[in-house]
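Residues per chain are reported as follows:
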Amino acid sequence: MELSAKTIEIVKATAPIVAANAEAITSTMYKIMFTNHPEIKELFKDAKPDQHKKLAAAVGAYAANIDNLIVLEKAIEKMVSTHILKNVQPEHYPIVGISILEAIKKVLGDAVTLEVLDAWKEAYFFLAHVLIEQEKLAYADV
Ligand code: HEM
């Protein structure tokens, strides 16, 4: 699985505006997700109030390094180990993904076109795939 050149170009071009609004986007994302999927709240019961900042930083780092993901190896390892502790499962990824995309749309409004949203969607599910595969291996090891 590879990201298309077009997606990489769009994500890099829009990374600054997403990064500048990352905390608003991720806090909106949690609100949307907990409203539509209250059952997910349980996973975040021990999370600190600034959890959305960690996700915002991860989104920013990802967008900036989308054509050089090797830089994110250590950060990805940390996400995987935390996700394993919390029992994050593959079926959770679309829920988070759809909530992030809705939040991007809500926070950035007219600044994002459908093409931009599609690019972020592809980029999110690409990273989700990387995490899901590594988490599968880690769960098999437990
Ligand atoms: C591409 C998607 C995702 C990214 C980039 C991401 C990123 C992160 C990051 C950076 C952390 C903090 C890791 C640490 O410093 O320990 C984290 C923790 C966490 N993530 Fe994710 N995550 C993703 C998907 C998901 C999904 C699908 C779920 C399940 C609903 C989830 C649930 C959690 C939970 C429960 C924590 C720990 C919160 C706490 O108790 O502190 N994540 N994630």
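See the structure above.
The model shown is predicted, which means the values in this text are computed figures rather than measured ones.

Caption draft 1: Representation of the coordination of the iron atom of the ligand within the structure. Coordination of the iron atom of the ligand by the protein comes from a single atom, H83 (NE2), at 2.1 Å. Mapped onto the fold, H83 is located in helix α4 (residues 73-85).

Caption draft 2: Examining unusual backbone geometry more closely. Positive phi values are uncommon outside glycine, yet N87 reaches one of about 65 degrees. Here N87 shows up in the loop between α4 and α5 (92-108). The class of N87 is partly exposed, set by a relative accessible area of 43%.

Caption draft 3: Seen up close, the packing of helix α1 (residues 5-20) against helix α6 (residues 114-141). Across the interface, α1 lies against α6 with an axial gap of 9 Å and an inter-helix angle of 100 degrees. Considering their axes alone, α1 and α6 lie roughly perpendicular with respect to each other. Between α1 and α6, the contacting residues are K6, T7, I10, V11, T14, A15 and V18 on the first element and E115, V116, A119, W120, E122 and A123 on the second. The residue inventory of the contact of α1 with α6, partitioned by class, reads eight nonpolar, two polar and three charged.

Conventions used here
Residues numbered from 1 in each chain as written. Predicted model: local features only at pLDDT ≥ 70, side-chain atom pairs only at ≥ 80, totals over all residues. Heavy atoms only, no water. Donors = N, O, S within 2.8 Å, 3.2 Å for Na, K, Ca; no water. Helix = DSSP H or I, 4+ residues; strand = E, 2+ residues; numbered from the N terminus. Buried < 20%, exposed > 50% of the residue type's maximum accessible area, 1.4 Å probe, protein only. Axes fitted to C-alpha atoms, helices over the stretch in contact; angles between N-to-C directions. Parallel < 35°, antiparallel > 145°, perpendicular 65-115°, else oblique. Contact = heavy atoms within 4.5 Å. Nonpolar A, V, L, I, M, F, W, Y, C, P; charged D, E, K, R; others polar.

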